[in-house]
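What follows is each chain in one-letter form.
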Amino acid sequence: MTAIGNPEAFVTTCRELGANVVTSMFFPDHHHYTESDLEHVRQHAQNSAALRILTTQKDFVKIPHSNEDILAVRITTQFESASGAQKVRDELAALTKIPPSLDC
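The structure reproduced in this document is the subject of the present report. Because the structure is a prediction, the values reported are computed rather than measured.

### Considerations on the pattern of salt bridges
Move 1: Counted by the stated rule, this structure contains two salt bridges.
Move 2: Across the pair Lys58 and Asp29 runs a salt bridge, and its minimum N-O distance is 3.4 Å. One end of the pair, Lys58, is in helix 3 (residues 57-60); the other, Asp29, is in the loop between helix 1 (7-16) and helix 2 (35-47), with 29 residues separating them in the sequence.
Move 3: A relative accessible area of 33% places Lys58 in the partly exposed class.
Move 4: Asp29 gets classed as partly exposed once you look at its relative accessible area, which sits at 37%.
Move 5: Between Arg42 and Asp69 there is a salt bridge, with the nearest N and O atoms lying 2.6 Å from each other. Taken together, the residues span a long stretch of sequence, with Arg42 in helix 2 and Asp69 in the loop between helix 3 and strand 2 (70-73) at a distance of 27 residues.
Move 6: In this structure Arg42 comes out as partly exposed when scored by relative accessible area, which is 22%.

### Regarding the side chain of Asp37
Move 1: For Asp37, the location among the structural elements is in helix 2.
Move 2: An unpaired buried charge is present at Asp37: no salt bridge exists, and Arg42, the closest side chain of opposite charge, is 10 Å distant.
Move 3: Not counting chain neighbours up to four residues away, the residues in contact with Asp37 comprise Phe27, His31 and His32.

### Some words on the environment of Val21
Move 1: Tracing the chain through its elements places Val21 in the loop between helix 1 and helix 2.
Move 2: You can call Val21 buried: its relative accessible area is 18%.
Move 3: Once the C-alpha coordinates of Val21 and Ala50 are considered, the two residues, 29 residues apart in sequence, prove to be 8.0 Å apart.
Move 4: Sequence-distant contacts of Val21, that is, excluding residues within four places in its chain, are made with Val11, Cys14 and Arg15.

### Topic: helix 2
An α-helical turn contains 3.6 residues, so any two residues separated by three or four positions project in the same direction.
Move 1: Taking 1.5 Å per residue as the helical rise, helix 2 with its 13 residues ought to reach 18 Å, and the 18 Å between its terminal C-alpha atoms agrees with that figure.
Move 2: Within helix 2, burial applies to Asp37, Leu38, Val41 and Ala45. Along the axis of helix 2, the buried residues cluster in a sector spanning 95°; they form a single face. Turned more than 90 degrees off the buried face of helix 2, the exposed positions are Ser36, Gln46 and Asn47.
Move 3: Where helix 2 is buried, its residues contact strand 1 (53-56) and strand 2.
Move 4: The first or second residue beyond helix 2 is Ala49, which carries a positive phi of 65°.

Parameters at a glance
- Residues numbered from 1 in each chain as written.
- Predicted model: local features only at pLDDT ≥ 70, side-chain atom pairs only at ≥ 80, totals over all residues.
- Heavy atoms only, no water.
- Salt bridge = Lys/Arg side-chain N within 4 Å of Asp/Glu carboxyl O.
- Helix = DSSP H or I, 4+ residues; strand = E, 2+ residues; numbered from the N terminus.
- Buried < 20%, exposed > 50% of the residue type's maximum accessible area, 1.4 Å probe, protein only.
- Lys, Arg positive; Asp, Glu negative; His and termini not counted.
- Contact = heavy atoms within 4.5 Å.
- Expected span 1.5 Å × (residues − 1).
- Arc of directions from axis to C-beta.

Structural data, given as structure tokens:
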């Protein structure tokens, strides 16, 4: 289950990592899960004979309470070159640069 902009990419990544994805449930991007949502997911997983429920780390923090039956998958990005990684770091730094404070 996931609530990200490109949920199919998450499923593809899980499969590439060796998971046998038997079913999936997608929610709108930035969805905050309710207990009702989770019960629906669990029922869907059980009906599909899924052994585990996977979600992204981004979604996992939006799940209410402790849910030991849901596993978070942490996905990191690996760049083919150091210069590619540095370019992304530079762009992120420019986007998050805080302007100098004003004397008040």
